[in-house]
Amino acid sequence: EPELIEFVNRSQQRIKVSFDEVMEIFEPMNFFGNTVKLNGLNDNQYEEIIGKSGYKLEDLKLVPTTLGNNKIQILIDNLVIPMSTANLNYLRTHYPDLSAHFAIQYFEEYVNLINNNFSEKEVIDLLISKIGTSKKEELLSKIDTTKKISIENFDPTSDILFNIVDKYLKGTEISVLLQ
């Protein structure tokens, strides 16, 4: 395995992998399932082989928690990891810095999951991100008003602050408004 990784990483040629052809020939060897776990592949080759192949990784539990954040980000950016409650929870647990990025990538699916799978930190990360105001409002509209959101880290000129104060303000943070 290390020799193969070294060979692929040294390759100056772009390695293009056809999902259908690989599945036909190499699936008994679990080509994609084994390749997705390879931290040693350089990011460009990893993206070419896994990211652009059309492969879908339905269950993130098959990925070792030692896989680098850069590899997980490649999987997210190339839509290899589909949005599901299980995958979102796995990312929250093992790759918390990437869960908001995952939510942005699959925004429509995410907003349909959020009310039953609420994470205040993640919602705040999304609300202070560069997504548009309409998406922020859509996200807030999906959250039950019994759930509260801290305004402590929001810019006072935030385009969404009034909506949070109006419906989601934590009672303990009224003093933050007076500062």
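Please read all numbers here as calculations on a predicted model, not as lab measurements.

Participant: Account for the environment of L140, with residues named and values stated.
Facilitator: Here L140 lies in helix α10 (residues 133-142). Sequence spacing of L140 and V123 is 17 residues, and the spatial spacing of their C-alpha atoms is 8.7 Å. Leaving out residues up to four positions away in the same chain, L140 has contacts with L127, I149, I160, N163, I164 and Y168.

Participant: Let's hear about the nonpolar core: which residues, and what values?
Facilitator: In terms of nonpolar packing, the biggest core is built from 48 residues, with L75, L139 and I149 touching the most fellow members. For this core, the secondary-structure elements that each account for two or more residues are α4 (43-51), α5 (69-77), α6 (85-94), α7 (99-105), α8 (107-113), α9 (120-127), α10 and α11 (161-167).

Participant: Can you explain the pattern of salt bridges? Please cite residues and give values.
Facilitator: Evaluation of the coordinates by the stated rule reveals 6 salt bridges. In this structure, the salt-bridge partner of E122 is R92, at a minimum N-O distance of 2.6 Å. Pair noted here: E122 is in helix α9 and R92 is in helix α6, with a separation of 30 residues, a long-range link. For E122, a relative accessible area of 1% gives the class buried.

Participant: How would you explain the packing of α4 against α5 if you had to name every residue and give the values?
Facilitator: A pair of packed helices is characterised by two quantities: the angle between their axes and the separation of those axes. Their axes nearest at 10 Å, the elements α4 and α5 cross at an angle of 35 degrees. Considering how the two elements wind past one another, α4 and α5 form a crossing that is right-handed. Across from D43, Y46, E47 and I50 in α4, the residues of α5 making contact are N70, K71, I74 and L75. Here the residues of the contact of α4 with α5 are counted per class, giving 4 nonpolar, 1 polar and 3 charged.

Participant: Describe in detail the packing of aromatic side chains, supporting the description with residues and values.
Facilitator: The description of an aromatic ring pair rests on the distance of the ring centres and on the angle between the ring planes. In this structure the tally under the stated criterion is 2 aromatic pairs. An angle of 15 degrees between the planes, with centres 4.9 Å apart, marks the rings of F32 and Y55 as stacked. With F32 in helix α3 (residues 31-35) and Y55 in the loop between α4 and α5, the pair connects residues that are 23 residues apart, well separated along the chain. A residue is classified by how much of its surface remains accessible, and F32, at 0% relative accessible area, is buried.

Participant: Give a detailed account of the side chain of S99, specifying residues and quantitative values.
Facilitator: Note that S99 resides in helix α7. Here the side chain of S99 touches E122 through a polar contact of 2.9 Å, side chain to side chain. Setting aside residues up to four positions removed in sequence, S99 forms contacts with R92 and E122.

So, how was this worked out
- Residues numbered from 1 in each chain as written.
- Predicted model: local features only at pLDDT ≥ 70, side-chain atom pairs only at ≥ 80, totals over all residues.
- Heavy atoms only, no water.
- Helix = DSSP H or I, 4+ residues; strand = E, 2+ residues; numbered from the N terminus.
- Contact = heavy atoms within 4.5 Å.
- Core = buried A, V, L, I, M, F, W, Y, C linked by side-chain atoms within 4.5 Å.
- Buried < 20%, exposed > 50% of the residue type's maximum accessible area, 1.4 Å probe, protein only.
- Salt bridge = Lys/Arg side-chain N within 4 Å of Asp/Glu carboxyl O.
- Axes fitted to C-alpha atoms, helices over the stretch in contact; angles between N-to-C directions.
- Left-handed = near helix turned anticlockwise from the far one by under 90°.
- Nonpolar A, V, L, I, M, F, W, Y, C, P; charged D, E, K, R; others polar.
- Phe/Tyr/Trp six-rings, centres within 6.5 Å; stacked < 30°, edge-to-face > 60°.
- Polar contact = N/O pair within 3.5 Å; in protein donor to acceptor, adjacent residues only side chain to side chain.

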